[in-house]
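Residue-level structural notes
Each chain is listed here by its residues.
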Amino acid sequence: MTPSPMYALADVFTEPGNVDPETLNNLGPLRQLAGRWRARKGVDLNPKAEGPERRVFIENIDFQAIDPQANGPQLLYGLRYHIHITTEEEDITFHDQVGYWLWEPATGLVMQTIAIPRGQVVLAAGQASPDAGEIVVTATRGPTEYGICSTTFLEQAFRTDSYKITITFHPDGSWSYVTDTELLVHGRDTPFAHQDRNTLHRVGEAKPNPLAVILAKRKSG
Ligand code: HEM
């Protein structure tokens, strides 16, 4: 279900005072994602003319802390990410994706933005508690909030009706995801479930956000 908290709109301009500049201390359920990750055994089910294709893939993900962002009174903390996927057989890109994961501490809103170089963007959202063991965000085609926007070709040939990602954190520090992207392929009458899944292991620590680095330098200098 798309979250729809009611916002007090009396003053949409004034930004919150006393914002903690340390993003890594304010990421709520996203904290464990910060840093660099790798996995060798992802599984992708994608649409092909001759029927569904199942491919095993190698995935690298970089999540880096961004400075706190304010939309007037709405305060967001987050991570900028880049996913790069290749396969065992080929080093060329199999999937590339950039965006942000965002957390609004005041409401428990979690958002993921997705941009993929097929000419497609998504804003997915959900709710989570700061210590959640699982995060689920969803987007559907149509609404102007938390939607999916594609090229005309994709609209006609691979209409993307919904997107959902479930992230599960494991006690050993690794985490898994499952994405379900529903595509209506031209000429077919039932949607295709484009599904990806993987379990990521840490290969690099998180760096502090730019503002935190500047403030730390000022303090030590
Ligand atoms: C791990 C993540 C993903 C991988 C490895 C992956 C991989 C693929 C592959 C191999 C194809 C078939 C492409 C072709 O034959 O040209 C495909 C099709 C497609 N994917 Fe994904 N995908 C991923 C995630 C996503 C996500 C998150 C979205 C959108 C929210 C998405 C949207 C699409 C669409 C619309 C198509 C059909 C377009 C086309 O074939 O030209 N994919 N994907």
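It should be noted that the structure appears before, not after, this text.
Residues numbered from 1 in each chain as written. Predicted model: local features only at pLDDT ≥ 70, side-chain atom pairs only at ≥ 80, totals over all residues.

**Here we look at the nonpolar core**
Worth spelling out the cut-off: We define a nonpolar core as a collection of buried residues of the types Ala, Val, Leu, Ile, Met, Phe, Trp, Tyr and Cys that are connected via C-beta atoms lying within 7 Å of each other. Residues with at least 20 other C-beta atoms within 10 Å of their own are called buried, those with 12 or fewer are called exposed, and the rest are partly exposed. The C-beta atoms themselves are positioned from the backbone. Starting at the N terminus, helices and strands are each numbered in turn, a helix being any DSSP run of H or I of at least four residues and a strand any DSSP run of E of at least two. Two residues qualify as being in contact provided that their C-beta atoms, derived from the backbone, are within 7 Å of each other.
Met 111, Ala 124 and Ala 125 are the most contacted members of the largest nonpolar core, which has 32 residues in total. Listing elements by their share of this core, those giving two or more residues are strand E1 (35-46), strand E2 (53-65), strand E4 (74-87), strand E5 (95-104), strand E6 (109-116), strand E7 (120-127), strand E8 (134-140) and strand E10 (158-169). Every residue in contact with Met 111, bar those within four places of it in the chain, is listed here: Leu 102, Leu 123, Ala 124, Ala 125 and Val 137.

**Some points on the environment of Arg 40**
Mapping Arg 40 onto the fold places it in strand E1. As a C-alpha pair, Arg 40 and Gly 17 span 23 residues in sequence and 44 Å in three-dimensional space.

**Section: unusual backbone geometry**
In this model, Asn 18 sits at a positive phi of 50°, which is unusual for a non-glycine residue. Although it is not a glycine, Tyr 146 adopts a positive phi angle of roughly 55°. Mapped onto the secondary structure, Tyr 146 falls in the loop between E8 and strand E9 (148-150).

**Some remarks on the site of the ligand**
Put simply, the rule is: Here, nearness means that the C-beta atom of a residue, built from backbone geometry, sits within 6 Å of the molecule or strand in question. For this classification, Asp, Glu, Lys and Arg are treated as charged, while Ala, Val, Leu, Ile, Met, Phe, Trp, Tyr, Cys and Pro are nonpolar and the rest, including Gly, are polar.
Surrounding the ligand, one finds 22 residues, the nearest of these being Asp 44, Asn 46, His 95, Phe 158 and Asp 196. Breaking the shell around the ligand down by element, the ones donating at least two residues are E1, E6, E7, E10, strand E11 (175-185) and strand E12 (192-204). Residues of the shell around the ligand, tallied by class, amount to 11 nonpolar, 7 polar and 4 charged.

**Regarding the pairing of E11**
This is how the line gets drawn: One bridge is not enough; two strands pair if DSSP finds at least two bridges between them.
Pairing between E10 and E11: 11 bridges, direction antiparallel. Bridging across to E11, Arg 159 finds its partner in Leu 184. Bridging between E11 and E12 involves 9 bridges; their strand directions are antiparallel. For Thr 179, the partnering residue across the bridge sits in E12 and is Asp 196.

**Looking at the environment of Val 19**
Within the secondary structure layout, Val 19 lies in the segment before E1. For the pair formed by Val 19 and Ala 70, sequence separation is 51 residues and the distance between their alpha carbons is 9.5 Å. With near-sequence residues (within four places) excluded, Val 19 lies in contact with Pro 68 and Leu 75.

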